[in-house]
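# Structure at a glance
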Amino acid sequence: MAGGRPGVQMPHLSKMERVVVSMQDPDQGVEMRNQRLRITVIPHTVAGSDVVDWLVQKYCISEEEALHLGTLLVQHGYLYSLRSPRSLVLRPDDTPYRFQTPYFWTSTLWPAAELDYAIYLTKKNIRKQGALVGHEKEHYDQLHRKINHTWDLVVMQAREQLRAAKQRRKGDRLVIACQEQTYWLVNRPPPGVPSVLEQGPERSSCTAGRVQMNTEFYKREMERCRKALTRARVKSSICLEAYLKFSSQHGPHDPIMSGCLPSNPWVTDDDTYWIMNAPSVAVPTKLRVERWGFSFQELLEDPLGRAHFMDFLRTEFSAENLSFWEACEELRHGGQAQVHAMVDAVYQQFLAPGAARWVNIDSRTMERTLEGLQQPHRYVLDDAQLHIYMLMKKDSYPRFLKSSTYKDLLAEAVIPPEAKRRVFPFMRKPRHSSPSPALLPASTSGEPVAAASGPECGDGGT
Amino acid sequence: MDEETVEIQGRIFYQMVAIKDCILVQNLEVHQVAERVEALGQFVMKTRRTLKGHGNKVLCMDWCKDKRRIVSSSQDGKVIVWDSFTTNKEHAVTMPCTWVMACAYAPSGCAIACGGLDNKCSVYPLTFDKNENMAAKKKSVAMHTNYLSACSFTNSDMQILTASGDGTCALWDVESGQLLQSFHGHGADVLCLDLAPSETGNTFVSGGCDKKAMVWDMRSGQCVQAFETHESDINSVRYYPSGDAFASGSDDATCRLYDLRADREVSIYSKESIIFGASSVDFSLSGRLLFAGYNDYTINVWDVLKGSRVSILFGHENRVSTLRVSPDGTAFCSGSWDHTLRVWA
């Protein structure tokens, strides 16, 4: 994959680089030591545990998180171990590490060049015959075949670099070898080790555009900006207060925040919670019935709530409103081929003069709707639908909440007892499977019938 | 008006909007208002299920409305339907392309949709007929000119919304494959989308490589609002449960909350020690918690109101690519490049 500056495409690289630069600050950085290695002394090394401690202090994070972050730095080649440079792990002990030279930083030298890799492998081969094993041997052979025509250049470069290296101090030679090796471990990882540089399918950016930044594009942008300039905005304090209200109201209903009764199925392997809250259960739970009082939307979203609301509307002789709304929903989200037929059916049933289930819309909306019906499309009933929705929301819904229907539902609703922690040291409760929605005949609501607990039904495993 | 003039005009308007944002009298952030809210206590969530079966990086997952089944897709073209409660695999199909970056469960539970480098979105009905090959009934619905990055059924099995690397989103009729509406406005690849839980309108939000999050009217195809405060690609967008706001996760290592009525960013979730991009975000049922999966293999849990991080979850051995809270909020599922999916509760 070519093109683009890696720093831009992979912003985490520049951030990691900033971290290692801070680590090397003479005053605030990690403590540097001279490390004795066999018969040489390597300066500017840091202990693994010091790296972890520094991260803990600097970012106020736990040791676990610091170790994780430090390991990522090593995996990306910004730090390497002097003792075992082949393994890209951070050991939280006195293992000595060194910071990679910026020359070999991923963002500087990326993507790794084939020629450079060939030279590196050739050097290894020359230095010690038979040193190349496994994937390195394979790559060497591949490259030899591929760039055979310039192989003389490769060997010449390799020899030259080896010669130059011999003239350096032993300590420097060791360090340079580690640096180079780390670079290639990151850029050509051995099989089985995922490459940290893999980014997935190539994305474009504004500059390399797949999208045409033409007149059309800018006209649209202008229109959007024009609207944004004149749009009325709600005061921030009001908007933000709404979050507090919503979260506190829904907090007790959030299983992750407040738990759920009798127990969270994922934690105890007991799916009673799902059975008790199935779409069409005989007696709903108290929390569920309470939620119907939060907003009209929440009532309608729950098929059980909606069914009870429908029953209530029947007592008020306005059930056709909800039926009309449901029919409009079906039209809006239905198949394209059915649009004409559905519009017709809805008109006949709900809007036509003398219709069996005539809905009461104001005359202006009716006029607009009838006009639109000349050229039916899936949104042609939107105005009428909205009108009826608002009617139910402002009128029928508040009455529903005050009605004896709702009050009885609340009173009869169950509060499941909390499941006692069962201690089965040797035996686990079996996990029951449930029939897949795809197995059951499609019901009108599209919801599966309440799953029964009991012996395993339906085979798993493909 | 020639092209250059239009471009200049466009840029001027753009700057005017940016200036207006700065002059706004109130630049209140959520955590300021939430000072009086009680802080969250100790937070313990563990992996309760591990789903192994994909032979390669897991790229996307979605929950079924039955709160336990999920569909997941991976780099090697495999799409698997699991009962994640029992960890049994119920269906599997191999797509003719690699990098299946998008998958979705139909509201009825009777079909799934998926797509990726094939530039298409295909719908597979789920059948338990042992004799039937799932791939046989495949329906090709959406056609883009570049990779498919995200897809979602709308309120029924009969419409699908897609986002693509070609910079557009589109709404399709499943039965006929007809394009019902297309959405142009992003300046680069669109990477994610989410449908608004609104009671009356039809809107959705999308995020892309142009660092913009855009809110669209499904009926007219127009962009109604746009937000550009991220510093890098937006990988994930998800509505706050009330529908008045949405969160985004980006390669700039931050998650942000945008309020639709105030028309601005109202919170930013970031920490200096979090360096890698956020790939996927979702809210807990009450909207108090924001779960975000990152490219550094971790999941960070944020207190949406206070703006602070509540917890960090380790477990995955490669980047977390997808994360969704279950429909009833009892758990969330994460998928990773380490070939596994985990359900946490």
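Here the structure is a predicted model, which is why all the values come from computation and not from measurement.

What counts, and where the lines are drawn
- Residues numbered from 1 in each chain as written.
- Chains lettered and ligands numbered in written order.
- Predicted model: local features only at pLDDT ≥ 70, side-chain atom pairs only at ≥ 80, totals over all residues.
- Heavy atoms only, no water.
- Helix = DSSP H or I, 4+ residues; strand = E, 2+ residues; numbered from the N terminus.
- Rg over C-alpha atoms; globule rule 2.2 N^0.38 Å.
- Buried < 20%, exposed > 50% of the residue type's maximum accessible area, 1.4 Å probe, protein only.
- Contact = heavy atoms within 4.5 Å.
- Lys, Arg positive; Asp, Glu negative; His and termini not counted.
- Charge placed at Lys NZ, Arg CZ, Asp CG, Glu CD.
- 1 Å grid on protein atoms, 1.4 Å probe; cavity = no way out; pocket = protein on both sides within 12 Å on 5 of 7 lines; lining within 4 Å.
- Points joined across faces, edges and corners; volume = space filled by probe spheres on them.
- Domains from an automatic or database assignment.
- Core = buried A, V, L, I, M, F, W, Y, C linked by side-chain atoms within 4.5 Å.
- UniProt positions renumbered as here; feature names shortened; annotations may be inferred.
- Pairing = 2+ DSSP bridges.
- Axes fitted to C-alpha atoms, helices over the stretch in contact; angles between N-to-C directions.
- Salt bridge = Lys/Arg side-chain N within 4 Å of Asp/Glu carboxyl O.

### Concerning the overall build of chain B
Along its length, chain B carries two helices and 28 strands. On C-alpha atoms alone, chain B measures out to a radius of gyration of 20 Å, which is about the 20 Å that the 2.2 N^0.38 rule sets for 345 residues. On the principal axes, the C-alpha backbone points of chain B span a range of 65 × 60 × 35 Å. Here chain B holds 345 residues, and the buried ones make up 66% of them. Looking at chain B alone, contacts between residues at least 24 apart form 45% of all its contacts between residues at least 6 apart. If you average the places of the 33 positive and of the 41 negative side-chain charges in chain B, the two averages end up 8 Å apart.

### Quick look at empty space enclosed by the protein
Evaluation of the coordinates by the stated rule reveals three cavities of 30 Å³ or more. Empty space within the largest cavity amounts to approximately 60 Å³. Around the largest cavity, the lining residues are A:E65, A:H68, A:L69, A:L72, B:S273, B:I274, B:D296, B:T298 and B:I312. Top element by residues in the lining of the largest cavity is helix 4 (residues 63-75) of chain A. It accounts for four residues.

### Details of the domain arrangement of chain A
Each domain of chain A was delimited in the assignment, giving domain 1 (13-104), domain 2 (114-187) and domain 3 (278-412). Centre-to-centre separation of domain 1 of chain A and domain 3 of chain A, based on C-alpha positions: 64 Å.

### A closer look at the nonpolar core
Residues and elements named next belong to chain A. Membership of the largest hydrophobic core comes to 39 residues, with the highest contact counts inside it found for F296, F309, L322, F324, L351, L381 and M392. Listing elements by their share of this core, those giving two or more residues are helix 15 (296-301), helix 16 (303-315), helix 17 (319-332), helix 18 (339-351), helix 20 (382-402) and helix 21 (404-412). Ranked by residue count, the leading element in this core is helix 17, at seven residues. Once residues within four sequence positions are removed from consideration, L322 is found in contact with L300, R306, F309, M310, L313 and M392.

### A short note on the UniProt feature "domain: DEP" (unreviewed entry) in chain A
Within the UniProt annotation, "domain: DEP" (unreviewed entry) is assigned to residues 26-101 of chain A. For residues 26-101 of chain A, the helix share is 33%, the strand share is 26%, and the end-to-end C-alpha distance is 16 Å.

### Focus: the UniProt feature "domain: RGS" (unreviewed entry) in chain A
UniProt records the feature "domain: RGS" (unreviewed entry) at residues 295-410 of chain A, using the numbering of this structure. Taken end to end, residues 295-410 of chain A is 72% helix and 0% strand, and its two terminal C-alpha atoms sit 16 Å from one another.

### Structural notes on the UniProt feature "repeat: WD" (unreviewed entry) in chain B
Residue and element names in this part refer to chain B. As recorded in UniProt, the feature "repeat: WD" (unreviewed entry) lies at residues 51-83, 141-182, 183-226, 227-268, 280-312 and 313-345. Along residues 141-182, the helical share is 0% and the strand share 57%, with 14 Å between the first and last C-alpha atoms. Within residues 313-345, the helical portion is 0% and the strand portion 52%, while the C-alpha atoms at the span's ends are 11 Å from each other.

### Describing the sheet that holds strand 11 (residues 159-164) of chain B
Residue and element names in this part refer to chain B. Within the open sheet, the four strands sit side by side as 10-11-12-13. Their pairing is antiparallel. The two strands at the open ends of the sheet, each matched to only one other strand, are strand 10 (148-153) and strand 13 (179-183). Strand-to-strand twist across the sheet, computed as the mean angle between neighbouring axes with direction ignored, equals 20 degrees. Where strand 12 (residues 169-173) lies against strand 13, four bridges are found, and the strand directions are antiparallel. Directly across from C169, in strand 13, lies its bridge partner F183.

### Section: the pattern of salt bridges
One pass over the full model with this rule turns up 42 salt bridges over all chains. Between A:R399 and A:E316 there is a salt bridge, with the nearest N and O atoms lying 2.8 Å from each other. With A:R399 in helix 20 and A:E316 in the loop between helix 16 and helix 17, this residue pair connects regions lying 83 residues apart in the sequence. Judged by relative accessible area, which is 26%, A:E316 ranks as partly exposed. B:R288 is the partner of B:D303 in a salt bridge, and the nearest nitrogen-oxygen pair spans 2.8 Å. Placement of the pair is B:D303 in strand 24 (residues 299-303) and B:R288 in the loop between strand 22 (278-283) and strand 23 (289-294), with a sequence separation of 15 residues. The same class applies to B:D303 and to B:R288, which are both buried. A network of salt bridges, in which partner residues are shared, links B:D62, B:D194, B:R238, B:D282 and B:R324.

### Describing the pairing of strand 20 (residues 255-259) of chain B
Residues and elements named next belong to chain B. Taken across its five residues, strand 20 has five buried, putting it largely inside the fold. Summarising the sheet, strand 19 (residues 245-250) and strand 20 pair through five bridges and their orientation is antiparallel. Across the sheet, the residue bridging to A245 is D259, located in strand 20. From the end of strand 19 to the start of strand 20, which pair antiparallel, there are four residues, and A253 there has a positive phi angle of about 70 degrees. Note that strand 20 and strand 21 (residues 264-269) share five bridges and pair antiparallel. Counted as the bridge partner of Y258 is E265 from strand 21. What sits between strand 20 and strand 21 in their antiparallel hairpin is a turn of four residues, with D263 showing a positive phi close to 65 degrees.

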